[in-house]
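# Reading the structure
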Amino acid sequence: MKLRDFILRRVLLAIPVIFGVLTITWFLSYVVGDPLAMFITERTNPAAIPGIIQDHGFNEPLVIQYFLYLRTLLAGDWGVSYSTGGDLPVLTVIARKFPATIELAIVAMVFAVILGVPLGILSATRKDKPIDHFTRVFSLAGVSMPIFWFALLLKYVLFYQFSVWGLPYLPSGDRVDNELWKTVLHNGVGYDFTSSITGFVLVDSLLYGQPILFGDAVLHLIMPGFCLGYLTLAIITRMMRSSMLEVMKEDYITLARSKGLTERIVIYRHALRNALIPTVTVIGLAFGGLMSGAVLTETIFNWPGLGRWATQAILVSDMAAINGFVLLVAFIFVSANLIVDLTYGALDPRIRYG
Amino acid sequence: MSQSQDLVLSIKGLTTNFYTYEGVVKALDGIELSLKRGDTMGVVGETGCGKSVTAKCVLRLIEPPGRIDGGQILFYDRDPKTGETQETDIVQLTPLEMLSIRGNRIAIVFQDPATYPNPVFRIGAQIAEVVTLHQDLGREALEVRIKELEESLKNSPSPEHQAKIREQIEHYVSMLENPPKPDRKYARKAAWAKAVDMLRLVRMPSPDQIANQYPHELSGGMRQRALIAMALACNPSILICDEATTALDVTVQAQVLNLLNILKKEIGASILIITHDLGVVAETCNSVTVMYAGTTVESAGTKQLFENPVHPYTIGLLTAIPKLHENKERLDQIPGTVPNLINPPTGCRFHPRCAFATDICVSDRPSLEEVLPGHYVACHHPQGNL
Amino acid sequence: MSDSRVLLSIENLKKYFPLTGGVFRKVIGMVHAVDDVTLDIYRGETIGVVGESGCGKTTLGRTILRLLDATAGKITFMGRDITHVKGSDLRAIRREMQIVFQDPMASLDPRVTIKNSVGEPLLINGVARGPRMRAMVLDLLQKVGLTEDHLNRFPHEFSGGQRQRICIARTLALNPKFVVMDEPTSSTDVSVQAQTLNLMKDLQDEFGLTYMFISHNLSVVKHMSDRLAVMYLGKIVELTPEDIFRKPLHPYTFALVSAVPVPDPRFSGRAVILSGEVPSPINPPTGCRFHPRCIFAQEICSSEEPLLRDMGDGHLVACHFAGELDFGRSAQMEYARAAEAEAS
Ligand SMILES: Nc1ncnc2c1ncn2[C@@H]1O[C@H](COP(=O)(O)OP(=O)(O)OP(=O)(O)O)[C@@H](O)[C@H]1O
Ligand SMILES: Nc1ncnc2c1ncn2[C@@H]1O[C@H](COP(=O)(O)OP(=O)(O)O)[C@@H](O)[C@H]1O
Ligand code: SF4
Ligand code: SF4
Ligand SMILES: [Mg+2]
Ligand SMILES: [Mg+2]
């Protein structure tokens, strides 16, 4: 099958998937959760309640409400997130907060791949040597440690203890040191959506031509980035190790050796590319997983991204926000999968799209 | 055995063990094998008798837990330019020294064309890889360059430009005698051209196109030919075919065997054909070595061995196979099964299955003796016409 | 079906596998795995089926056993049309018809003892259980040359040849009439192969079995069979009583026979080298499917499909020029020329 057909087919197949996810979360949140909770507190005047119900259409049958929601998705702004200051449309909030999350996810991913792939190779080619034992313990810790616990531990050591000991310490949270940005940029707001250019701090600081701000952004990214990426790093390392061990047993490796190639070339030219094929799947799936990991990491590091926003939305039953977030994550999962499959084709000529 | 002058490979007392959790697998126990220059020798025996391990030892491809524990593998390589013969004991070489022999002076074709080529690289690239590795390609790269210039000469419009190109061509032609190290781009092109030539040598239809294809796009027979092309790319002294036609269909096998028979005359390599199929031996080889459970049991010229087999195992093997031109109600069968090599039988390893076994067979290991001119056998009670 | 000697008969049997593609996975082609095969199998005989990989041998065997559903055609077993039987009728038929596969390890559950593996069909069909089952299993194992010690062992404790014996024992548990042997010795060694083949012949006599013996190894098939069917691209091109190898009449059979390496140096170098490879069964050639590789091909061969014709003594050949062709030395030269021409 041709590549175009394949992509078209996959996109068409994604529609029912996303639609299904959307329908299920919407009904779950309206049936299990209480959409009114957002608008009514102990201090609400009981007399105003019917008006509130009327205003937000809660008196309509569930199915009608569902179709109204679908309409906001197709033609509108995905509804209003009432938990955000200023009752902004969900789409606007996503546009403002998405760059922070995606930047963190990309940093975490880059860090997981750059460290994970070589560690996996090293571990496989030096099987049962000290480096292999170390890597295995390191990655086992990564998959078994809860993210929130690990994040708190990092914060305790790298921020609190280091500052107590008078060592240079990492910032405990936030995307930037806003005071620093205010002083350097003289704009009175520091870094927020009004002053950002692309939404990505690393890029913006460079666009401003301020290395000091870039350094500040990097410092702020280290802890949350590592924390978020550690699990993925561990998974990639383990996957890379096992697929490398698998590939090294393949006949074509024997053939490569029989040509008189050095072990280095056998590993890095002949084995690596084949071993990457299963690893790529894991990387793609993990990218979707980073989105859910972001919920915890962002909360702990006070990161102004979608994850923290979603957490708050859940706490106050902000239905439009919750549904919007789930929908976005579903989109990301589906696209990551498509990209994985396309990368497959680039790595493995045997894959015929079909 | 015979004079070492006309030998290209002589394996003496080769012993290889695998140190596994279950115990020591005594895979090879004193293998003897001599391959004459220009000869095609068959190595036959049942599964697990050590044919592949022997081949891997010759290329020093044995991996842990395996280890060569004794014996010699003498390789008499003849320099193609000076014609001088040099003796090397492969067992004693360092891994680094071995790299220049493997794939270059001794090459191998493996059994399964489905799993041996690397699936992610083009056929041409995989052949070119060996060429680049072992040949310096100085001259070939210059030739490619000259050819390209000659092409552009034809298309060049202005006379001054043409003169300039001619000058360049002359410059390169003068370097042909003593070519410098080639630059990468032209070396790559030269290696690719060589790969296409090799594909042509193995009678591949439209070799230019095939070089650009991936292994999975070719049929089993074509893949096996590509692997043969790869093995022959550096004009090796010895070509080892380890069950190279076993996975192929009969008609494709016939094509490949026919190709080997033709190439034998064209390339001047000595060939070791490892197989369990006595038919393949009869079709292609002029001498045979029979192995059983890690030992050499019999070795002779093909005609001699098939007409007058002497070792009881060889006799059993020859009568156990159904034959096309024969009608037999029942096949003669060798009782029992191949022994486990962790605890191989004492004395002659064949004795538990042998109809002629006596006490001495249980206690003493028979050595390989010349019973007729050029016919060697390891048996206390050889059969046949002596 | 009036002939009472016929145990099983197939008429115009076809098995196509659909090939899908495109955005909506439409069927874009058909693999013609078995294409219009007609064959009578007589009681007590061994019918051999040979041909190269992918020519449809396994598919034919499995379709006959109703392990695959036929695309078209009719299968009659003991006078009864079984092409479409279902449910308990199908199970009853299955007891009469069994299959032995190429890879014995793959068809034995590694975690089940030999006793239970071999006894499984007895249990499932409610024939016997408990001590009675054990006794029957032991009897079967002894028939295939194994002993009481083996009863409680697991498959990995046996050699390849012994495992194949176990599979054969299990096949025989329900006393079938018809057994398909699909490459039963392809994964065993020469000496073990001789043991297995002898055993199968003995069992055939003892149980009065009818075999369909499938293999790509001509010498083995020839040794085992009373009649032999040669398949090419889903079709039987030649069906002969025994001595096919002395007198092949179809050009493909001739090439196939000559290509078998003979373990006798006196006969070496006689192989006919066919040019090219077996074409794809998705778009098989028109007319005679062998015509692109046949040196005897005439115009009619590419347009008209040759049908199986009786050349006497039940020797059926599907070639327009059957009996008129000369497979002498000159034919071999002609093939060599064709192969060489194709290469350059
Ligand atoms: N389930 C299936 N789906 C699609 N095609 C199939 C399927 N099973 C078999 N085929 C195709 O049908 C043809 C005949 O296959 P079959 O397995 O019968 O061959 P065979 O003669 O038994 O070959 P071999 O000697 O390799 O066992 C082949 O082209 C094969 O690819
Ligand atoms: N990697 C290994 N580990 C343990 N035993 C091995 C290994 N490779 C081969 N052997 C053993 O060595 C013997 C010879 O094997 P091999 O040379 O592959 O046989 P064949 O003659 O079929 O090519 C067998 O008993 C086999 O089990
Ligand atoms: S040495 Fe003895 S046991 Fe071995 S093959 Fe000869 S006769 Fe048989
Ligand atoms: S019908 Fe024609 S093409 Fe087919 S086998 Fe006979 S002669 Fe050859
Ligand atoms: Mg082998
Ligand atoms: Mg099959």
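On a predicted model such as this, the values are computed, not experimentally measured, just so you know.

Thresholds applied
- Within any chain, residue numbers begin from 1 and follow the written order of that chain's sequence.
- For this description, chains carry letters from A and ligands carry numbers from 1, given in the order in which they are written.
- Under the rules for a predicted model, residues below a pLDDT of 70 receive no local features and side-chain atom pairs below 80 are neither given nor counted, while totals for whole chains, interfaces and linings still include all residues.
- Side-chain figures throughout are based on the complete set of non-hydrogen atoms in the structure, without hydrogens or water.
- Where helices and strands are cited, they refer to DSSP runs of H or I of at least four residues and of E of at least two residues respectively, numbered from the N terminus.
- Each residue is assigned to one of three classes by its accessible area relative to the maximum for its type, calculated with a 1.4 Å probe on protein chains only: buried under 20%, partly exposed between the two thresholds, exposed over 50%.
- Residues count as neighbours in contact if any of their non-hydrogen atoms are within 4.5 Å of one another.
- Here the accessible surface of atoms and residues is derived via Shrake-Rupley with a 1.4 Å probe, and residues count as covered only by protein chains that are part of the display.
- This count recognises Lys and Arg as positive and Asp and Glu as negative, with His and chain-terminal groups excluded.
- To locate a charge, the coordinates of NZ of Lys, CZ of Arg, CG of Asp or CD of Glu are taken.
- We define buried area as the total accessible area lost by two parts upon association, computed with a 1.4 Å probe and summed across both.
- For this document, the term salt bridge refers to a Lys or Arg side-chain nitrogen within 4 Å of an Asp or Glu carboxyl oxygen.
- Any pair of N or O atoms that falls within 3.5 Å is considered a polar contact. Within protein, one atom must be able to donate a hydrogen and the other to accept it, and sequence-neighbouring residues count only if both atoms are side-chain atoms.
- Nonpolar residues are Ala, Val, Leu, Ile, Met, Phe, Trp, Tyr, Cys and Pro. Charged residues are Asp, Glu, Lys and Arg, and all others, Gly as well, are polar.
- Pairs were defined over the aromatic rings of Phe, Tyr and Trp, the Trp ring being its six-membered one, requiring ring centres within 6.5 Å. Orientation was assigned from the angle between planes: stacked under 30 degrees, edge-to-face over 60, tilted for the rest.
- For a lysine, the NZ atom is tested; for an arginine, the CZ atom; a charge sits over a ring if that atom is within 6 Å of the ring centre and within 35 degrees of the ring normal.
- A single heavy atom is enough: if one lies within 4 Å of a molecule or strand, its residue is considered near that molecule or strand.
- Only protein atoms enter the 1 Å grid used here, on which a cavity is any set of points holding a 1.4 Å probe that cannot leave and a pocket is any open set flanked by protein within 12 Å on both sides along at least five of seven lines; residues with an atom within 4 Å of a point are listed as lining.
- Grid points are joined across faces, edges and corners, and a volume is the space filled by probe spheres set on the points.
- Whether two strands pair depends on DSSP finding at least two bridges between them.
- Only the contacting stretch of a helix is used when fitting its axis, a line to C-alpha atoms as for every element, and angles between N-to-C directions run 0 to 180 degrees.

Let us now look at the overall build of chain A. Tallying secondary structure elements over chain A gives 13 helices and two strands in all. Its C-alpha atoms put chain A at 85 × 60 × 40 Å along the principal axes. Residues counted as buried form 45% of the 354 residues belonging to chain A. Sequence-distant contacts, at least 24 apart, represent 70% of the contacts inside chain A between residues at least 6 apart. Surface accessibility of chain A: about 17300 Å² in total, with carbon and sulfur atoms responsible for 69%. Within chain A, one finds 26 positive and 24 negative side-chain charges whose respective centroids are separated by 13 Å.

On to the interface of chain C and chain B, then. Facing the 47 residues of chain C at the interface are 45 residues of chain B. Buried area between chain C and chain B, both sides added, is near 4000 Å², and the carbon and sulfur share of it is 56%. Counting across the interface, chain C meets chain B through two salt bridges. For Glu-329 of chain B, the salt bridge identified is with Lys-201 of chain C, shortest N-O distance 3.5 Å. Inspection of the chain C/chain B interface yields 16 residue pairs in polar contact (both at pLDDT 80 or more). With ten residues, helix H6 (residues 190-207) of chain C is the largest single contributor of residues to the side of chain C that touches chain B. A breakdown of the residues in the side of chain C that touches chain B according to their chemical character gives 20 nonpolar, 13 polar and 14 charged.

Below, the discussion takes up the packing of aromatic side chains. Residues and elements named next belong to chain A. Within this structure, the stated rule accounts for 25 aromatic pairs over all chains. Measuring from ring centre to ring centre gives 6.5 Å for Trp-26 and Tyr-69, while their planes differ by 25 degrees; the resulting arrangement is stacked. In this pair, Trp-26 sits in helix H1 (residues 3-31) while Tyr-69 sits in helix H3 (residues 62-75), placing the two residues 43 residues apart along the sequence. Among the residues examined, Tyr-69 registers a relative accessible area of 8% and is labelled buried. For the pair Phe-150 and Phe-226, a centre-to-centre distance of 5.8 Å together with 45 degrees between the ring planes defines the contact as tilted. Of this pair, Phe-150 sits in helix H6 (residues 147-164) while Phe-226 is found in helix H9 (residues 211-248), placing the two residues 76 residues apart along the sequence. Three or more aromatic residues link up through ring pairs in this structure, and these residues are Phe-111, Phe-134, Phe-138, Phe-150, Phe-226 and Tyr-230. Sitting over the ring of Phe-301, Lys-155 keeps its end group 5.7 Å from the ring centre.

Cys-288, Cys-294, Cys-301, Cys-319 and His-320 of chain C are the nearest of the 13 residues found near ligand 4. Across the shell around ligand 4, the residue classes break down as ten nonpolar, three polar and no charged.

Roughly 1100 Å³ of internal volume is contained in the second largest pocket. Looking at the second largest pocket, it is lined by 25 residues, and the ones nearest its centre are Met-248, Arg-257 and Glu-263 of chain A together with Glu-63 and Pro-64 of chain B. Listed by contribution, the elements that provide at least two residues to the lining of the second largest pocket are helix H4 (90-125), H9, helix H10 (251-258) and helix H11 (263-300) of chain A together with helix H2 (95-99) of chain B. Looking at the lining of the second largest pocket residue by residue, the classes come out as twelve nonpolar, three polar and ten charged.

The next subject is the site of ligand 3. Around ligand 3, the structure places 13 residues, and the nearest of them are Cys-348, Cys-354, Cys-361, Cys-379 and His-380 of chain B. Class assignment for the residues of the shell around ligand 3 results in nine nonpolar, four polar and no charged.

Right, let's talk about the sheet that holds strand S4 (residues 66-78) of chain B for a bit. As a general point, the strands of a sheet are linked pairwise by backbone hydrogen bonds and lie either parallel or antiparallel. All names here are of chain B. Strands sit in the order S2-S1-S4-S5 across an open sheet of four strands; the sheet is antiparallel. The strands lining the two open edges of the sheet, one partner per strand, are strand S2 (23-36) and strand S5 (85-89). For this sheet the average axis-to-axis angle between neighbouring strands, irrespective of direction, equals 10 degrees. Inspection of the sheet shows strand S1 (residues 7-20) paired to S4 by eight bridges, in the antiparallel sense. The residue of S4 that forms the bridge with Thr-16 is Ile-68.

The next point concerns helix H1 (residues 51-58) of chain B. All names here are of chain B. Here H1 lies mainly inside the structure; six of its eight residues are buried. The set of residues buried in H1 consists of Lys-51, Val-53, Thr-54, Ala-55, Cys-57 and Val-58. Looking one or two residues beyond H1, the residue adopting positive phi is Arg-60, at roughly 55 degrees.

The subject of this paragraph is the sheet that holds strand S8 (residues 210-214) of chain C. All names here are of chain C. The eight strands are arranged S6-S7-S8-S3-S9-S10-S12-S11 in an open sheet whose pairing can be described as mixed. Bordering the open sheet on either side are strand S6 (97-100) and strand S11 (309-310), each of which pairs with just one other strand. Two elements, strand S3 (residues 46-50) and S8, share four bridges in a ladder whose sense is parallel. Bridging across to S8, Thr-46 finds its partner in Tyr-211. Running over the sheet, helix H1 (residues 57-64) touches S3, S6, strand S7 (178-182), S8 and strand S9 (227-232) and is turned about 150 degrees from S8. The strands that helix H5 (residues 160-172) touches are S6 and S7; relative to S6, the one it contacts most, it runs at about 175 degrees.

Turning our eyes to something else, we now look at the pattern of salt bridges. For the coordinates displayed, the defined rule picks out 40 salt bridges over all chains. In this structure, Glu-129 of chain B engages Arg-269 of chain A in a salt bridge whose closest nitrogen and oxygen atoms are separated by 2.4 Å. Of the two residues, Glu-129 of chain B sits in helix H3 (residues 123-134) while Arg-269 of chain A sits in helix H11, which places them in two different chains. Glu-129 of chain B gets classed as buried once you look at its relative accessible area, which sits at 9%. For Arg-269 of chain A, a relative accessible area of 39% puts it in the partly exposed group. Asp-69 of chain C is the salt-bridge partner of Arg-66 of chain C, the closest N and O atoms lying 3.0 Å from each other.

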